[in-house]
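A structural walkthrough
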Number of protein chains: 2
Amino acid sequence: MTATSHNNHAHNSSSVKDEVLRAAQRGRRAAVELAKITAQQKNNALHAIAQALITHADDICAANAKDYQREESNGMKESLLDRLKLTSERVGDIAEAVRTIATLTDPVGEVINGYRLPNGLHITLKRVPLGVVGMIYEARPNVTVDAACLALKAGNASLLRGGSAALESNMALVKVIRQALEENGLPSDCVQTLDEYGREGATEMMKARGYVDVVIPRGGAGLINSVVDNARVPVIETGIGNCHIYVDASADMEKALSIVLNAKTQRLGVCNAAETLLLDKHMDDKAAVQILSALMDAGVRIHGDPIVVALMQALGNKCGVAAVEKIVVAQEDDWAKEYLSADIAVRIVDGVDEAIEHIRKYSSGHTEAIVADSSQVISRFVSAMDSAAVAVNASTRFTDGGELGLGAEIGISTQKLHARGPMGLSALTTMTWIIEGDGHIRQ
Amino acid sequence: MTATSHNNHAHNSSSVKDEVLRAAQRGRRAAVELAKITAQQKNNALHAIAQALITHADDICAANAKDYQREESNGMKESLLDRLKLTSERVGDIAEAVRTIATLTDPVGEVINGYRLPNGLHITLKRVPLGVVGMIYEARPNVTVDAACLALKAGNASLLRGGSAALESNMALVKVIRQALEENGLPSDCVQTLDEYGREGATEMMKARGYVDVVIPRGGAGLINSVVDNARVPVIETGIGNCHIYVDASADMEKALSIVLNAKTQRLGVCNAAETLLLDKHMDDKAAVQILSALMDAGVRIHGDPIVVALMQALGNKCGVAAVEKIVVAQEDDWAKEYLSADIAVRIVDGVDEAIEHIRKYSSGHTEAIVADSSQVISRFVSAMDSAAVAVNASTRFTDGGELGLGAEIGISTQKLHARGPMGLSALTTMTWIIEGDGHIRQ
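Now for a look at the structure at hand. Bear in mind that the values here come from a model prediction, so they are computed numbers and not experimental data. Starting afresh in each chain, residues are numbered from 1 along the sequence in its written order. Chain letters and ligand numbers both follow the written order, the letters beginning at A and the numbers at 1. A pLDDT threshold of at least 70 governs which residues receive local features in this predicted model, and a stricter bar of 80 or more applies before side-chain atom pairs are shown or counted, although totals over entire chains, interfaces and linings include all residues. Where side-chain values are given, they derive from all heavy atoms of the structure, hydrogens and water being excluded.

Description of the overall build of chain A
Convention followed: Helix and strand assignments follow DSSP, with helices taken as H or I runs no shorter than four residues and strands as E runs no shorter than two, numbered in order from the N terminus. Each radius of gyration is computed over the set of C-alpha atoms, and the globule rule expresses the reference value as 2.2 Å times the number of residues to the power 0.38. Residue burial is assigned from relative accessible area. The probe radius is 1.4 Å, only protein chains are included, and a residue is buried under 20% of its type maximum, exposed over 50%, and partly exposed in between. In this description, contact between two residues means that some pair of their heavy atoms is separated by no more than 4.5 Å. Note on areas: Shrake-Rupley with a 1.4 Å probe; residue coverage comes only from the protein chains shown.
In terms of helices and strands, chain A carries 14 helices and 16 strands. For 443 residues, the compact-globule estimate of 2.2 N^0.38 gives 22 Å, and the C-alpha radius of gyration of chain A, at 25 Å, lies within 12% of that figure. Each of the three principal axes of chain A carries a C-alpha extent, and together these read 75 × 70 × 40 Å. Within chain A, the proportion of its 443 residues that are buried is 58%. In chain A, the proportion of contacts linking residues at least 24 apart, taken out of those at least 6 apart, comes to 74%. For chain A, the exposed surface amounts to about 17100 Å²; the carbon and sulfur share of it is 48%.

Pasting the structure below:
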């Protein structure tokens, strides 16, 4: 994702830059129109988009088939092919998600704060759209619709850059969305794709300071780091999760068992899955063995520190469990890894303080969980974390816009500015101070 | 402010980088301690700092005298010398400002949102410190104390980089602050200066992603742009103000006159002073002439469009006012200028719509004002602005943390993410989601 990187299209750099800046300017003008219309009008447009997606499902799937066949013959991984694939049923699900966005409260116009000053000035702090939002994501056609519609609901124009592997699908989806916007009297430039400009287009968008108000990368660490490295536009980093669970000796071990299993195995490839388990050395060995055995029975490979490995091998030898093969010795880099797979790093720690130390050293700042009964231990842990979310006697999997009741989610911010944790519609807005007087001047 | 730029100290780049990263790590550890203490303890430390500044006023002024003499002989501008100069009285004012910070409500721990989900999970969104805050500013010793104490109050460790011209002063001030912190049982590394590493130190700080949580530049356009260009750490842009005033034909012209005069002349060198005046062509010529004459009588040079120039020259010829010499024809770049001087760009526009068009084209997004009586015109103007603040029948000079009742101000954000407009203590915080369950797992 650098200015020198190549893409499979014949644009020279300067013309790509011009095209991107022009697209951003068209988006700005569209956003000005969008800022004037009512929530009702926006919701009507969203329902129209949902309907149009269903009406044109065949064209969309046909375009998607081209992407799928190309990537399949290019040898794309099965899991990625599955994320790329569209069926009429999946298009239906995407349309349903758009209808859900229509039902959400419009964040624009919310009065965040308002008061009257002693000198009589009326102050109102109001929520307003950001303007032009750039989205950079991987080859997942559903994100194209999701991002465009969330931005639209919050009153923003969007510039979309999906993975080149989904080029045909994204083009088809954006075409349908733009047509639906026009038919509803909204400027079609509220939603634009930059996919035809490949990586160069994405890089130019990240550099378009003053034209693009924010760039939100959605994807893996590589994508997000390249955006942070190249961007001159403000960025919201999302979703790298090296989530920890600490099980304290004071924990209810049944709860600990089900929370650990849920956090690791309920869904493997997600950013809020647990990747490291820290066990208090003061807990009962039997409980530790029970938790680790349950993980292994669930098909999870354990990357353990020497104590863990010794413990489980002893167990293996004692009662002949076929556990041993599921255990490997953790290397230093295992502690920092986001596996996104049936693997977990396990370490024995000397109580909550060593757990805190370990987490502060290796965490990606997403979600950390503690299972404990001692309120002293819990508050010590909670206050020492430096992450977007802390789960107490609950699974890390709850760090999710839907689960926390935000309705929709643009992504999970792992940065500290603007938005942190699950981002709802308000993360796609800013605010403005309105100062109303009657000829007031400053003394 | 680039990695290749030189500074008058003998550090090689790699060692400077190491020193800055080590300082950031010390700051992180100090911030962890700071997060644990009470508001009372922080306030006691702030009062101790205020007292220590007064106790050591002589040493501080002696150090400042070295800076002053050096810069005077280097030919520094009078206005900059004045901002650099410290007297025991000014040190007293700085100490008083610190006491004021002690009186402010601690933002840390504020519950921003809290609710219980249907499944029984308790959700609490809590305000927490950012961690390590980097400040880059110009040769103004008072900012050193102000920034350090505001960061401290919000529970953050600060890395300070002031202008090299204030090196001795900043070193002396930071020494006093650190001593006061230690004497109050707080880690002295809550406040550190990077001044000895010059511009290289600043550049390394901006690149220290993962070590520094945010960098806030306070100063002119050059400083702020160089930070945005070089930073890999999140940045909060502050205070470039090309503020506009639009006077509508419906305005009360007496109010218009006093607001325009106040916005332009009450203080010249500040970001919330008016730099461009837009006059509705439908307003009474006499009123326009009255406003412009008043500006000129106040010593303001008018950079007018051809109509304005013709209007005032006619006046000059008619009643022999010595106005003409105070008028020049505006060039294209006048419309985008932040004069920070006794100059104002003046243009006649065709009503509110042309005013909106002009402002959206040239504004820096700080503050725009309208003087009008027609509520339709006012709401049209307010909803079309894309700036941090909009003043209605009030001076642009009210966009200020103190004036708006924030108590203290770190700066005025002209960006849209995280903070917009005057930034109080809460702009130096982030938030964390606390998810409390009783063995809850995700279905």
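A short note on the interface of chain B and chain A
You'll often see interface size given as the accessible area lost when the parts meet. What counts here: Accessible-area loss on putting two parts together, using a 1.4 Å probe and summing over both, is the definition of buried area adopted here. Salt bridge, as used here, is a side-chain nitrogen of Lys or Arg placed within 4 Å of a carboxyl oxygen of Asp or Glu. Polar contact criterion, stated in full: a pair of N or O atoms within 3.5 Å, where within protein one must be able to donate a hydrogen and the other to accept it, and residues adjacent in sequence count only if both atoms are side-chain atoms.
In this complex, chain B contributes 66 residues to the contact, which on the side of chain A involves 66 residues. Taken together, both faces of the contact between chain B and chain A bury some 5700 Å²; the carbon and sulfur share is 53%. The largest share of the area that chain B buries against chain A comes from Leu417(B), Trp433(B) and Arg442(B), three residues that together contribute 15% of it. Remark: the boundary between chain B and chain A carries 14 salt bridges. Taking the shortest distance from any N to any O, the salt bridge between Arg209(B) and Glu237(A) comes out at 2.8 Å. In this assembly, chain B and chain A are joined by 51 residue pairs in polar contact (both at pLDDT 80 or more).

Comments concerning the packing of aromatic side chains
For any pair of aromatic rings, geometry is given as the distance between the ring centres together with the angle between the planes. Residue and element names in this part refer to chain A. Quick reminder of the rule: The criterion for an aromatic pair is that two Phe, Tyr or Trp rings (for Trp, the six-membered ring) have centres within 6.5 Å, with stacked assigned to planes under 30 degrees apart, edge-to-face to planes over 60 apart and tilted to the rest. In this scheme, Lys NZ or Arg CZ marks a charge over a ring once it lies within 6 Å of the ring centre and within 35 degrees of the ring normal.
Going through the model one piece at a time under the given rule, you end up with two aromatic pairs over all chains. For the pair Tyr-246 and Phe-381, a centre-to-centre distance of 6.3 Å together with 20 degrees between the ring planes defines the contact as stacked. On the criterion of sequence distance, the pair formed by Tyr-246 in strand β7 (residues 243-247) and Phe-381 in helix α14 (residues 375-384) is long-range, its members being 135 residues apart. Phe-381 matches Tyr-246 in its accessibility class, with the two residues each being buried. Just above the ring of Tyr-68 sits the side chain of Lys-85; from NZ or CZ to the centre is 4.6 Å.

Things to note about the side chain of Asp189(B)
Residues and elements named next belong to chain B. Along the polypeptide, Asp-189 turns up in the loop between α7 (167-183) and β5 (191-193). Judged by its relative accessible area of 18%, Asp-189 is buried. In contact with Asp-189, not counting residues within four places along its chain, are Arg-26, Gly-27, Ala-30, Ala-157 and Arg-178.

Here's the deal with the pattern of salt bridges
Two side chains that carry opposite charge are able to pair once their charged atoms sit near each other. Applying the stated criterion across every chain, the model contains 58 salt bridges over all chains. Its salt-bridge partner being Arg83(A), residue Glu138(A) comes within 3.5 Å of it at the nearest N-O pair. Remark: Arg83(A) occurs in helix α4 (residues 78-84) and Glu138(A) occurs in the loop between β3 (132-137) and α6 (141-153); sequence separation between them is 55 residues. You can call Glu138(A) partly exposed: its relative accessible area is 31%. A single network of salt bridges, built from pairs that share partners, joins Arg28(A), Asp213(A), Asp386(B), Lys416(B) and Arg420(B).

Side note on the sheet that holds strand β6 (residues 214-218) of chain B
The pairing of strands in a sheet happens through backbone hydrogen bonds and is either parallel or antiparallel. Residues and elements named next belong to chain B. Cut-off, in case you're wondering: A pair of strands is considered paired only if DSSP assigns at least 2 bridges between the two. Fitted lines through C-alpha atoms serve as axes, helices being fitted only where they are in contact, and the angles separating the N-to-C directions of these axes extend from 0 to 180 degrees.
Taken together, four strands build an open sheet; the order of strands is β5-β4-β3-β6 and the sheet is parallel. Each having just a single partner strand, β5 and β6 make up the two edges of the open sheet. Strand-to-strand twist of the sheet, defined as the mean angle between neighbouring strand axes without regard to direction, takes the value 20 degrees. Judged from the five bridges that link them, strand β3 (residues 132-137) and β6 form a sheet pairing that is parallel. In the strand pairing of β6, Met-135 is matched with Ile-216. On top of the sheet, α7 reaches β3, β4 (157-161) and β5; it is set at about 160 degrees to β5, its chief contact. Of the strands in this sheet, β3 and β6 are in contact with helix α9 (residues 221-230), which crosses β6 at around 160 degrees.

Side note on the pairing of β3(A)
By the criterion of burial, β3(A) is predominantly enclosed, with six of the six residues buried. Of the two faces of β3(A), the one carrying Val132(A), Gly134(A) and Ile136(A) and the one carrying Val133(A), Met135(A) and Tyr137(A) are both buried.

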